[in-house]
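Topology and contacts: notes
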Amino acid sequence: MKRRLLLTGMAGSAALALAGCAGPQINDYASEKPVLDLREYFNGTLDAYGLFTDRSGKVVKRFTVVMRCTWTGDEGVLDEDFTYSDGTLQKRIWRLKRFADGRYTGTADDVVGEATGQARGNAFNWKYTLALPVDGKVWNVEFDDWMYLMDGRVMLNTAVMSKWGVRLGEVTLSFVKRP
């Protein structure tokens, strides 16, 4: 009887632990407004303001980004120029492809393989592996990116960074579309 109770308790704990790992799903936002169309929002020039926090929540780096975005049909280019608080500069050029069902794929020089994402309602979930230089080495870091359109000009973004399933930190961004 004790063994059965112990096994039942362990199974219940495992189920709760797995349920606790489940995060939001893109369909959770299907009815949210305003509806996000990446081709419309990421078209023209945008400014972004962001920061990276480590696991403890300490701000490690702050940055700004100027984005010049264009689309031709279902293919887009997001040309990003980063300026970090320590004065360093970085460029990333995303090449995106939109599919009819709201899915997107994307590539960039520092992205390992292909990024995949999906839009529903006001939200966009984007997953990719970034080759991130750290102290003279390059780490392949997983990003789970969530973007939420607030209105026609402002979008908020949070991204969890992890390696081997271990949370390393978080990136927080606000995008503002120029008039």
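This report concerns the structure included in the present document.

Turning our attention to the overall build of the protein. Regarding its fold elements, the protein presents 2 helices and 10 strands. The N-to-C order of helical and strand elements in the protein reads α-α-β-β-β-β-β-β-β-β-β-β. Per-residue burial for the protein yields a buried fraction of 35% across its 179 residues. The contacts in the protein between residues at least 6 apart in sequence include a share of 37% that link residues at least 24 apart. Of the roughly 10800 Å² that the protein leaves accessible, carbon and sulfur atoms contribute 57%.

Before going further, it helps to examine the sheet that holds strand β1 (residues 44-54). Spatially, β1-β2-β3-β4-β5-β6-β7-β8-β9-β10 is the arrangement adopted by the 10 strands of the closed barrel, whose pairing is antiparallel. Taken over all neighbouring pairs, the strand axes of this sheet differ in orientation by 25° on average, direction set aside. Pairing geometry for β1 and strand β2 (residues 59-72), over 10 bridges, is antiparallel. By the bridge assignment, alanine 48 is partnered in β2 with valine 65.

Strand direction decides the pairing type here: β2 and strand β3 (residues 75-84), joined by 10 bridges, are antiparallel. Bridge pairing in β3 links valine 65 to phenylalanine 82. Between β2 and β3, which follow one another and run antiparallel, lie 2 residues, and glycine 73 among them has a positive phi close to 65°. Linking β3 to strand β4 (residues 89-98), which pair antiparallel, is a turn of 4 residues; within it glycine 87 sits at a positive phi near 95°.

Counting 36 residues, the largest nonpolar core has Phe42, Trp94 and Phe175 as the members making the most contacts within it. Setting aside anything within four residues of it in sequence, one finds phenylalanine 42 in contact with Met67, Cys69, Thr70, Trp71, Leu78, Met147, Met155 and Phe175.

Looking now at the environment of phenylalanine 82. When you line up the elements, phenylalanine 82 lands in strand β3. The contact partners of phenylalanine 82, leaving out residues within four places of it in the chain, are Phe63, Thr64, Val65, Thr88, Leu89, Gln90 and Arg92.

The next point concerns the pairing of strand β6 (residues 111-120). Looking along a regular strand, one sees the side chains alternate between the two faces of the sheet. Sheet topology note: the strand β5 (residues 103-107)/β6 ladder contains 4 bridges and is antiparallel. When the sheet's bridge partners are listed, threonine 105 is paired in β6 with threonine 116. Taken together, the 7 bridges between β6 and strand β7 (residues 123-134) define a ladder with antiparallel strand orientation. Across the sheet, residue valine 111 finds its bridge partner in β7, namely leucine 130. Connecting β6 to the next strand, β7, in antiparallel fashion are 2 residues, including glycine 121 with a positive phi near 55°.

Moving on: the packing of aromatic side chains. Each aromatic ring pair is described using two quantities: the centre-to-centre distance and the angle formed by the ring planes. What the rule picks out here adds up to 16 aromatic pairs. Pairing phenylalanine 82 with tyrosine 84 gives two aromatic rings, centres 6.0 Å apart and planes at 10°, and the pair type is stacked. For the pair shown, phenylalanine 82 and tyrosine 84 are each scored as buried. A ring pair is formed by phenylalanine 124 and tryptophan 126, whose centres lie 5.2 Å apart and whose planes are at 35°; its orientation type is tilted.

Parameters and conventions
- Counting from 1, residues in each chain are numbered in the order their sequence is written.
- Per-residue local features are limited, in this predicted model, to residues with pLDDT of at least 70; the limit for side-chain atom pairs, both in listing and counting, is 80 or more; totals at the level of whole chains, interfaces and linings are taken over all residues.
- Computation of side-chain values covers all heavy atoms of the structure but excludes hydrogens and water.
- A helix here means a DSSP run of H or I that spans at least four residues, while a strand means a run of E at least two residues long, and both kinds are numbered starting from the N terminus.
- Burial classes follow relative accessibility: with a 1.4 Å probe on protein chains only, a residue under 20% of its type's maximum area counts as buried, one over 50% as exposed, and anything between as partly exposed.
- We call two residues in contact when some of their heavy atoms are within 4.5 Å.
- Per-residue and other accessible areas were derived by the Shrake-Rupley procedure at a 1.4 Å probe size, with only the shown protein chains allowed to occlude residues.
- Paired strands are those between which DSSP finds at least two bridges.
- In this analysis, axes come from line fits to C-alpha atoms, helices being fitted only over the stretch in contact, and the angle between any two N-to-C directions falls in the range 0 to 180 degrees.
- The criterion is simple. A nonpolar core is a set of buried Ala, Val, Leu, Ile, Met, Phe, Trp, Tyr and Cys residues joined through side-chain atoms within 4.5 Å.
- For this analysis, a ring pair means two rings from Phe, Tyr or Trp (six-membered ring only for Trp) whose centres lie within 6.5 Å, classed as stacked if their planes differ by under 30 degrees, edge-to-face if by over 60, and tilted for the remaining angles.

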